[in-house]
Structure formats: C-alpha cells, structure tokens
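Take a look at the letters that make up each chain.
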Amino acid sequence: MASLRRVKVLLVLNLIAVAGFVLFLAKCRPIAVRSGDAFHEIRPRAEAANLSAHSASPIQDAVLKRLSLLEDIVYRQLNGLSKSLGLIEGYGGRGKGGLPATLSPAEEEKAKGPHEKYGYNSYLSEKISLDRSIPDYRPTKCKELKYSKELPQISIIFIFVNEALSVILRSVHSAVNHTPTHLLKEIILVDDNSDEEELKAPLEEYVQKRYPGLVKVVRNQKREGLIRARIEGWKAATGQVTGFFDAHVEFTAGWAEPVLSRIQENRKRVILPSIDNIKQDTFEVQRYENSAHGYSWELWCMYISPPKDWWDAGDPSLPIRVCCLTALKNEEVDPG
C-alpha cells in the first residue's frame, strides 16, 4: 500500500509538471504556422514523438520524455496487480489471436485437477493473457455498418459461482477493451455465494484498483440461482440497458453498437449477439455460423437455422427474429 501511495503521489506531481510545460508551450508557440496560403497544424503528441531531435525543442523533448515515463509507471503499476495474482496482461502470449494454447508435458500433469474441478482447462487459462487478441469473425457488411454516436449506455452484468478467477477477469478485461468508453456505464459482478477464497478479497481488491469506479461486486449471502442472481445484478445497475452474460466470455470489437442500436429503436426487444465458441481444452476461438437461438420444450438451449426469408434477403448483417417457447419472446439474434 505504501508503494502504491508513492506511485500516486509521483503521478500527481508529474501531471502538474506536464500541465505547466503544456501551458508554457501554449503561451510561447502559435497553434498553427502560416506558410503562403496554407496552415500547417501542430502535430499531436503521438506524431510529435516521432520527430527527429533536431526538429523538436528541448522543452518538447522534456515533455515527451516525462509523458513516456508516466505511461511506463502506470502500465507497470497496473500490470503488477495481475502479476500478484499469478496472471498475465498484454495482447501477446499463448492463445494470441484466438489460436489454441498449449501446455508442456509437466504443465499438463498439473492441469488435470483444476480441469476436472471447473470443467475447462483453468490452469491453461492462467497462462493466457487477460487482454489476448481474438479474431473478428463478423461478416464484412457488419463491419461496414455505421451507427449513431447517441446510443444508450449499457451495464454489463456477469453472474458467477466458483468460476476460475482468470476466466472472470478475462471477461472483464475483454468487455472494457472492446466496448466504447462512452457506451459502457459499468460492469457488475454478481457472486452467487462462491466458496473459493480467490473470488473474495483478491477479486474485489483487483477490480477496485484496476478499474476504480467502473466495476462493482454484488455478493449474495446465500445461493440464489441464476435468475435471482441476475435480478440482483439488475437492481444494482444504473445503465439505460442491461446485458447479462456468463462470466466465461470474450467480446470482439463492434459487439455493442448493433445491440444498443436495435434496443434504441424498440426498448421491448431482447437482443442476443451472435456467439462463437471458446474450446474448453485449448481456449481456441471457433467460429459458429449465424444461427438463431431458441429452446426446446424441455428448455434446453438450441441453435436454429435462420428462417427462409432471412436467407432469401442475402444480407448476413440482418438480425434474425426468433420466437422462443419461454417467457422471453420476440428475441433477436444480431450477427452484426
């Protein structure tokens, strides 16, 4: 804690120093330089960092170096949070790009117990980055669609009970990394009375430090079951839209806009994004073709081929209308 306070103090002092430099530069240098009939704008910091030494003033060099130092300090501090849990951050490493991850023979032996406990290879999950990149399997037309910037904000709600910590946190990181900031109101983790110690103080301390003010943890005092746990998450939500997810998912870029756009058009819609598969043994991301989702009379979830009129339209970006046999009717699957 003492080291964390020192880092915070250092950050504040550096930010004050940088602000002073910026104000000084704003007073001493024009915003644009006129040359003939054209104006040449001052380059943003990302571009300015690539300027050669002879074209940048000593003050600019000092500002850029200080900003670079600040970024390094912040990253090391945040990355240190995951390291204390034995986990990894960053976009590389095993399973990068959604490819199958592997273990050495010695690691395979250690993975047997956790695999049986969770039903997936949780030991391997700890070796995969919380921020790993995964493929974007959306149809080309989905990627080309444009959406209003004035969309409602969403509260993402994860329900879990005795889930592996690495899998929960990868779900959280993925949601933050791939949901536009202005659309993500909050993330709510609902713990349906888990027994695992790592899901208590370690989980809560991590999300409070890593995502202060963004992630909330709701804890049921007794095992309530999935639906009542979802209701508890809904009660804690403050977003205009609530999205309920299992705590073992990974989001791709562009998932939120089509969902929120359809709900904005009609608030009575229940939207289900198109879902691909993460293999339980290797965490390989496997593409699933567009399909509707429904339930059998025994209430088993099942994939259903889209209706004929959807196929006839020849547009894979169109939503698929589904009439379920449960109380949730007029559900839509949005491949975009």
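Residues numbered from 1 in each chain as written. Predicted model: local features only at pLDDT ≥ 70, side-chain atom pairs only at ≥ 80, totals over all residues. Heavy atoms only, no water.

In the annotation of an unreviewed UniProt entry, the entry for the chain reads Glycosyltransferase 2-like domain-containing protein, and the organism field reads Felis catus.

Looking at this structure, I do not really get the overall build of the chain. What am I missing?
Within the chain one finds eleven helices and 13 strands. Expressed as a percentage of its 336 residues, the buried residues of the chain come to 38%. Partitioning the intrachain contacts of the chain with sequence separation of at least 6 by distance along the chain shows that 72% fall at a separation of at least 24. In the structure as shown, the chain presents an accessible area of about 19800 Å², 56% of it carried by carbon and sulfur atoms. (Helix = DSSP H or I, 4+ residues; strand = E, 2+ residues; numbered from the N terminus. Buried < 20%, exposed > 50% of the residue type's maximum accessible area, 1.4 Å probe, protein only. Contact = heavy atoms within 4.5 Å. Areas by Shrake-Rupley, 256 points an atom, 1.4 Å probe, with all protein chains shown as cover.)

In this structure, what is going on with empty space enclosed by the protein? I would like to understand it.
In this approach the atoms are scanned with a rolling probe the size of a water molecule, which exposes any empty space left behind. Counted according to the given criterion, the structure contains one cavity of 30 Å³ or more. Considering the residues around the largest cavity, the lining is formed by L130, D131, R132, I134, R170, S174, N177, H178, E250 and F251. (1 Å grid on protein atoms, 1.4 Å probe; cavity = no way out; pocket = protein on both sides within 12 Å on 5 of 7 lines; lining within 4 Å. Points joined across faces, edges and corners; volume = space filled by probe spheres on them.)

Help me out: how do you make sense of helix 10 (residues 256-265) in this one?
Residues lying three or four places apart along an α-helix face the same way, a consequence of the helix completing one turn every 3.6 residues. Among the ten residues that make up helix 10, eight are buried, leaving the element largely enclosed by the rest of the structure. Every buried residue belonging to helix 10 is among A256, E257, P258, V259, L260, S261, R262 and I263, and all of these are buried.

Honestly, the side chain of S166 in this entry has me stumped. Any pointers?
Tracing the backbone through its elements, the reader meets S166 in helix 7 (residues 165-178). For S166, the side chain forms a polar contact with the side chain of S125, separated by 2.7 Å. In contact with S166, other than residues within four places in its own chain, are L87, S122, S125, E126 and L130. (Polar contact = N/O pair within 3.5 Å; in protein donor to acceptor, adjacent residues only side chain to side chain.)

Would you mind showing me how to read helix 4 (residues 105-118) here?
Its 14 residues give helix 4 an end-to-end C-alpha distance of 20 Å, which sits within 8% of 20 Å, the value for a rise of 1.5 Å per residue. The principal kink in helix 4, of about 40°, is found at A111, preceding the proline P114 by one to four residues. Where helix 4 is buried, its residues contact helix 5 (122-125). Taken from the residues just after helix 4, G119 is the one with a positive phi, measuring 85°. (Expected span 1.5 Å × (residues − 1). Bend = angle between axes of the 7 residues up to and from the residue.)

Is there a simple way to explain the environment of A253 in this structure?
Residue placement: A253 occurs in the loop between strand 6 (241-246) and helix 10. In sequence terms A253 and S174 are 79 residues apart; their C-alpha atoms lie 9.5 Å from each other. Residues within four places of A253 in sequence aside, it is in contact with D136, R138 and H178.

Explain a nonpolar patch on the surface here, please?
Together, L226, I227, I231, W234 and F244 make up an exposed nonpolar region whose accessible area comes to about 500 Å². Secondary-structure assignment places F244 in strand 6. For F244, a relative accessible area of 32% puts it in the partly exposed group. (Patch = residues over 30% accessible without salt bridge, like charges linked within 9 Å, V, L, I, M, F, W, Y side chains within 5 Å. Salt bridge = Lys/Arg side-chain N within 4 Å of Asp/Glu carboxyl O.)

Explain the nonpolar core to me, please; I cannot follow it from the model alone.
Side chains of a nonpolar character, in soluble globular proteins, are inclined to be buried together. In this structure, I156, F158, L169, I187, L189 and W255 are the most contacted members of the largest nonpolar core, which totals 33 residues. Elements supplying a minimum of two residues to this core: strand 3 (154-160), helix 7, strand 4 (184-191), helix 8 (201-210), strand 6 and helix 10. Counting residues per element, this core draws most heavily on helix 7, at five residues. Look past the residues within four positions of L169 in its chain and what remains in contact with it is L85, L87, L130, L203, Y206 and V207. Counting residues in each nonpolar core, the second largest holds eleven residues, with L103, A111, Y118 and V167 among its members. (Core = buried A, V, L, I, M, F, W, Y, C linked by side-chain atoms within 4.5 Å.)

What am I meant to see in the pattern of salt bridges here?
Opposite charge on two side chains lets them pair, provided their charged atoms get close. The full count for this structure, using the stated rule, is 18 salt bridges. Its salt-bridge partner being D136, residue R138 comes within 2.8 Å of it at the nearest N-O pair. The salt bridge partner of R262 is E265, with a shortest N-O separation of 3.4 Å. Here the residue R262 and the residue E265 both occupy positions in helix 10, the gap between them amounting to three residues, near one helical turn. A relative accessible area of 53% places E265 in the exposed class.

Just to check I follow, could you spell out the sheet that holds strand 5 (residues 215-219) for this structure?
What the four strands build is an open sheet, ordered 5-4-3-6; its pairing is parallel. Edge strands, defined here as strands with exactly one partner in the open sheet, are strand 5 and strand 6. Recorded for the sheet is a direction-independent mean angle of 25° between the axes of neighbouring strands. Examined bridge by bridge, strand 4 and strand 5 share five bridges and lie parallel to one another. In the strand pairing of strand 5, L189 is matched with V217. Packing of helix 7 onto the sheet brings it into contact with strand 3, strand 4 and strand 5, and relative to strand 4 it is tilted by some 170°. (Pairing = 2+ DSSP bridges. Axes fitted to C-alpha atoms, helices over the stretch in contact; angles between N-to-C directions.)

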